[in-house]
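Below, each chain spelled out in residue letters.
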Amino acid sequence: MSKTQDKGTECCETVEIHEELLRIVAEKMPEETELHDLAELFKVFGDSTRIRILFVLSSAEVCVCDLAKALNMTQSAISHQLRILKNSKLVKSRREGKSIFYSLADGHVSTIIAQGREHIEEE
C-alpha cells in the first residue's frame, strides 16, 4: 500500500527492499558516462529554437537562408543553433556550390521528435 506525501507523491508505507528487482536494474543500468551523454543529448532538445529547426529539417533539407526565413530569425542565430545540433550529431550538412544544406542526421532524430509529440499529446 502507499500513502500520499504533501505534494501528491505516493510513497511506500513500509521500507521493503526487493533484492531481485534491484539486481535486474543493476544489470541493465548503463555506465555513468553513457547516462551523462544521454542527459547532454536531451539538454539539446530543451531549446525551442532548436526544436523548431529540427521540425523544419524533418520536412526538407534546407540552407541557413531558408531556415532563417522560415523561422523569422537571423542567419547568425540559426548558424549558432545549427552548430550545437551538428556537434550533438542531430543534423548533418552538405555543400552545393556556395550553399550549405542541412538535414537531420538520421531517422533516430525524427523518431525522438515524433515520440515526444506523441507523449505531450496524450491525455
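Residues numbered from 1 in each chain as written. Predicted model: local features only at pLDDT ≥ 70, side-chain atom pairs only at ≥ 80, totals over all residues. Heavy atoms only, no water.

J.: I tried to follow the pattern of salt bridges on my own but got confused; where do I start?
T.: Two side chains of opposite charge can pair, provided their charged atoms sit close to one another. Scanning the model with the defined rule gives 6 salt bridges in all. Its salt-bridge partner being arginine 23, residue glutamate 27 comes within 2.3 Å of it at the nearest N-O pair. On the criterion of helical spacing, the pair formed by glutamate 27 and arginine 23 is a turn pair, its members being 4 residues apart in helix α1 (residues 19–28). The partner of glutamate 61 in a salt bridge is arginine 94, and the shortest N-O contact between them spans 2.8 Å. A residue pair is termed long-range when its members are at least 10 positions apart, and glutamate 61 in the loop between α3 (48–59) and β3 (62–63) and arginine 94 in strand β4 (residues 91–96) qualify at 33 residues. (Salt bridge = Lys/Arg side-chain N within 4 Å of Asp/Glu carboxyl O. Helix = DSSP H or I, 4+ residues; strand = E, 2+ residues; numbered from the N terminus.)

J.: Would you take a moment to explain the packing of aromatic side chains for this structure?
T.: The geometry of an aromatic ring pair is captured by the separation of the ring centres together with the interplanar angle, meaning the angle of the planes. Applying the stated criterion across every chain yields a total of 1 aromatic pair. Each ring, one from phenylalanine 42 and one from phenylalanine 45, has its centre 6.3 Å from the other, and the planes form 45°; the classification is tilted. (Phe/Tyr/Trp six-rings, centres within 6.5 Å; stacked < 30°, edge-to-face > 60°.)

J.: Please explain the pairing of β4 as it appears in this structure.
T.: Consecutive residues of a regular strand have side chains that alternate between opposite faces of the sheet. The pairing of β4 with strand β5 (residues 99–104) spans 6 bridges and is antiparallel. Residue pairing across strands places valine 91 opposite leucine 104, the latter belonging to β5. In textbook terms, the turn of a hairpin is the stretch between consecutive antiparallel strands, and for β4 and β5 this stretch comprises 2 residues, one of which, glycine 97, has a positive phi near 65°. (Pairing = 2+ DSSP bridges.)

J.: Looking at this structure, how should I read the sheet that holds β5?
T.: Two pairing modes exist for strands in a sheet, parallel and antiparallel, and in both the strands are linked by backbone hydrogen bonds. In space, the 3 strands of this open sheet follow the order β3-β5-β4, with antiparallel pairing throughout. Strands with a single pairing partner mark the edges of an open sheet, and in this sheet they are β3 and β4.

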